[in-house]
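Summary of structural features
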Amino acid sequence: QPTDKRFVLMLFDLNHFKEVNDTLGHGVGDSMLCALAERLKNELENEAVNVFRLGGDEFIVTYDISPSCLSKEELAQRLTALITSVIFVDDLALRSSAAIGVVDSHGKTLDSHELLRCADLAMYQAKSQGAPVAYYDKTSDYDVQRRANVLAGIAAAIDNDQLSLAYQPIINLHERRCYKCEALVRWHHPEQGVIE
């Protein structure tokens, strides 16, 4: 339901978790997720923070901001430390990391779907930057919309013969010769000009 409170939602998933399942088995992966969930529950229970498993290796952390609460930056830092600490499963010492997307409602009336969408955008921004945390802002929406528009127009670009191939030579300066080249596609967009 929409809320007028200042509400923060954090969304994260574990980096390279598929490799844990693929190399050590799903049983180990499940045990790792359970151990992490228990750790988050125990360590954050005094912070008035709610932790939920969304599915797979995705988790949501929610809380209402108040003067007595941790700031969103402090909580994100605390989450990062909890996630990256060693998790023991049987005799295995496993380490993980995560990309955390953070959205702050700033008192705006946002429903849970919109908060989750914004947190998801921020999480993928963190992943693309190789950062542990990213905070949602409206430029994220603009970039995603622009990318969606570009991707939607590629089929038309192919149909209208707007793509061309360019070659970029790679020179060995020591030997003074071109030893290979890179093939690049350029889109001659009728409104935006040349798009790399």
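Below is a summary of the structure that appears in this document. (Residues numbered from 1 in each chain as written. Predicted model: local features only at pLDDT ≥ 70, side-chain atom pairs only at ≥ 80, totals over all residues. Heavy atoms only, no water.)

Once that is clear, we can look at helix H1 (residues 17–24). Among the residues making up H1, those that are buried are Phe17, Val20 and Asn21. Buried residues in H1, looked at end-on, bunch into an arc of 95 degrees, giving them a common side. In this structure, H1 carries Lys18, Asp22 and Thr23 as exposed residues pointing more than 90 degrees from its buried face. One or two steps after H1, the chain reaches Gly25, where phi turns positive at roughly 100 degrees. (Buried < 20%, exposed > 50% of the residue type's maximum accessible area, 1.4 Å probe, protein only. Helix = DSSP H or I, 4+ residues; strand = E, 2+ residues; numbered from the N terminus. Arc of directions from axis to C-beta.)

Under the defined criterion, the tally for this structure stands at five salt bridges. Across the pair Arg117 and Glu114 runs a salt bridge, and its minimum N-O distance is 2.9 Å. Here Arg117 pairs with Glu114, and both are found in helix H4 (residues 112–129), just three residues apart, close to one helical turn. Taking the relative accessible area as the measure of exposure, Arg117 reaches 34% and is therefore partly exposed. (Salt bridge = Lys/Arg side-chain N within 4 Å of Asp/Glu carboxyl O.)

Going through the model one piece at a time under the given rule, you end up with one aromatic pair. Centroid distance Phe12 to Phe59: 5.3 Å. Interplanar angle 15 degrees. Geometry classified as stacked. One end of the pair, Phe12, is in strand E1 (residues 7–14); the other, Phe59, is in strand E3 (residues 58–64), and 47 residues separate them in sequence. Each member of the pair Phe12 and Phe59 is classed as buried. (Phe/Tyr/Trp six-rings, centres within 6.5 Å; stacked < 30°, edge-to-face > 60°.)

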